[in-house]
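# Report on the structure
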Amino acid sequence: MYGPKKVSSNYLAVAEIRFSSGVDISNFIMTAQEYFSQANYAQVAVLKNQSMKTEQFGEQNMLVPTVQKIYAFTNRDATRQFILNEHCLVFKVTDFQDFDSFMALFQEGVYLVNKLIHIVSSQRMGLRLLKRIMPRSGLGLKDYLQPSEASLLGRFGGLSGFSQTEFTHQFNAIHLLHRVKTSPHSGLELPKDIHSQDMAFNAEVLTYHGPSIFLDSDGFVEKHQDLSLPTVKDNLKNIHAILGLAFQSSVSDLALSEIGFR
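Described below are features of the structure shown in this document. (Residues numbered from 1 in each chain as written. Predicted model: local features only at pLDDT ≥ 70, side-chain atom pairs only at ≥ 80, totals over all residues. Heavy atoms only, no water.)

This paragraph deals with the overall build of the protein chain. On a plain count of helices and strands, the protein chain comes out with six helices and nine strands. Looking at the 262 residues of the protein chain, the share that counts as buried comes to 49%. Across the protein chain, every contact between residues at least 6 apart in sequence was considered, and the portion connecting residues at least 24 apart equals 73%. If you sum the accessible surface of the protein chain, you get close to 13600 Å²; carbon and sulfur atoms cover 50% of it. (Helix = DSSP H or I, 4+ residues; strand = E, 2+ residues; numbered from the N terminus. Buried < 20%, exposed > 50% of the residue type's maximum accessible area, 1.4 Å probe, protein only. Contact = heavy atoms within 4.5 Å. Areas by Shrake-Rupley, 256 points an atom, 1.4 Å probe, with all protein chains shown as cover.)

Below, the structure is given as structure tokens:
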């Protein structure tokens with residue numbers, strides 16, 4: 001009845017640090033391209049992000065549009081990508097294997113950027129994991145959900161479009177936003193605030209249409225910290241543990257035994 005043998009995939013993982021560099025990245029782009037190319041991120045693209053900023057005109061503050069350049073460095077298979085501007089470094093992966101491997105790759109990018117512009121401190125560090133559960137043959141969506149999540153399905157009879165839950169929580173310095181969306185029939189979905197930027201997704205996850213559970217777990221620490229590779233690792237390791245708790249709160253024992261949390 002329900003197709004794929006592989007019931008879950010971390011179809012996108014995102015890590016981020018935010019900082020104040022005080023430099024114009026465009027002045028360093030040739031060197032940045034060299035660094036990332038040597039690290040196997042040879043494809044370079046310049047993206048433009050339009051936003052608003054406040055400027056003072058006489059005695060009034062007014063919002064004026066501004067266009068910011070963002071630089072994307074992508075590997076040959078388009079499964080891993082660093083995005084850099086003067087305030088932020090983001091790492092996105094569609095071939096996520098496990099957290100330790102992902103963390104090592106992100107730390108490499110942090111090292112390269114710090115070598116380029118010497119980031120002294122960070123204001124925010126974050127980790128976001130997007131999972132998709134596709135029930136294996138003979139099982140349904142409810143088999144993979146905690147009763148609190150599963151109770152929304154079919155509550156009113158007839159054909160449900162989808163159900164969605166969301167909660168936020170704070171664990172000491174870690175802020176968590178956790179969303180679960182359940183759909184009787186769906187293709188691959190991305191949250192509205194995430195852009196794929198032509199990244200390549202796992203073929204099974206990309207082509208499958210059917211019963212799906214999407215879990216979007218987003219955690220971050222927002223405080224001033226001296227930047228170092230151990231600090232990045234410690235923060236993201238702690239966030240990863242909290243994302244694991246959120247995952248366990250949403251899925252059934254069957255899902256935990258078949259999928260686990262990587």
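Moving on, we come to the packing of aromatic side chains. Taken as a whole and assessed by the stated rule, the structure comprises 11 aromatic pairs. For the ring pair Tyr-11 and Phe-214, a centre distance of 6.3 Å and an interplane angle of 85° mean the geometry is edge-to-face. Separated by 203 residues along the polypeptide, Tyr-11 in strand S1 (residues 8–19) and Phe-214 in strand S9 (residues 210–226) bring together distant segments of the chain. Residues Tyr-11 and Phe-214 agree in their burial class; the two are buried. (Phe/Tyr/Trp six-rings, centres within 6.5 Å; stacked < 30°, edge-to-face > 60°.)

So, about the environment of Leu-12. With respect to the helices, strands and loops of the structure, Leu-12 is situated in strand S1. Overall, the relative accessible area of 3% leaves Leu-12 in the buried class. Each C-alpha atom of the pair Leu-12 and Thr-94 lies 4.7 Å from the other, and the pair is 82 residues apart in sequence. Those residues in contact with Leu-12 that lie beyond four places of it in its chain are Lys-92, Val-93, Thr-94, Arg-128, Leu-129, Leu-130, Leu-190, Ile-194 and Phe-201.

Once that is clear, we can look at the nonpolar core. In terms of nonpolar packing, the biggest core is built from 43 residues, with Leu-89 and Phe-106 touching the most fellow members. The dominant element in this core, judged by the number of residues it contributes, is helix H2 (residues 99–117), at 10 residues. If you look at the next biggest cluster of nonpolar residues, it comprises 15 residues, including Tyr-11, Val-14, Val-90 and Val-205. (Core = buried A, V, L, I, M, F, W, Y, C linked by side-chain atoms within 4.5 Å.)

Further remarks concern the packing of H2 against helix H5 (residues 229–250). The interhelical angle for the contact between H2 and H5, taken along N-to-C directions, is 145°, at an axis separation of 10 Å. Handedness of the H2/H5 crossing: right-handed. For the pair H2 and H5, the contacting residues are Phe-99, Met-103, Phe-106, Gln-107, Val-110 and Tyr-111 in the first and Leu-229, Val-232, Lys-233, Leu-236, Lys-237 and His-240 in the second. In the contact of H2 with H5, the residues fall into eight nonpolar, two polar and two charged. (Axes fitted to C-alpha atoms, helices over the stretch in contact; angles between N-to-C directions. Left-handed = near helix turned anticlockwise from the far one by under 90°. Nonpolar A, V, L, I, M, F, W, Y, C, P; charged D, E, K, R; others polar.)

The packing of two helices is summarised by the inter-axis angle and the distance between the axes. Where helix H1 (residues 29–38) contacts H2, the two axes come as close as 10 Å, and the packing angle between them is 150°. The angle between the axes of H1 and H2 places the two elements in the roughly antiparallel class. The way H1 lies across H2 gives a crossing that is right-handed. When H1 is examined against H2, the residues Thr-31, Ala-32, Tyr-35 and Phe-36 are found in contact with a partner set consisting of Gly-109, Leu-112, Val-113, Lys-115 and Leu-116. Here the contact of H1 with H2 is built from residues that sort into six nonpolar, two polar and one charged. (Parallel < 35°, antiparallel > 145°, perpendicular 65-115°, else oblique.)

Successive residues of a regular strand alternate their side chains across the two faces of the sheet. Of all 13 residues in strand S6 (residues 121–133), 12 are buried, a share of seventy percent or more. Pairing analysis gives 11 bridges linking S1 to S6, with the strands arranged antiparallel. Looking at S6, one finds that Asn-10 is bridged to Lys-131. (Pairing = 2+ DSSP bridges.)

Glancing now at the environment of Gly-22. As for its placement among the helices and strands, Gly-22 is situated in the loop between S1 and H1. Sequence separation of Gly-22 and His-87 is 65 residues, and the distance between their C-alpha atoms is 8.4 Å.

Moving on: the side chain of Gln-107. Summarising the element assignment, Gln-107 is placed in helix H2. Looking at Gln-107, the relative accessible area reads 17%, which means it is buried.

We now examine the side chain of Ser-121. Relative to the helices and strands, Ser-121 resides in strand S6. Residue classification places Ser-121 among the buried positions, given a relative accessible area of 13%. Leaving out residues up to four positions away in the same chain, Ser-121 has contacts with Phe-19, His-224, Gln-225, Asp-226 and Leu-227.

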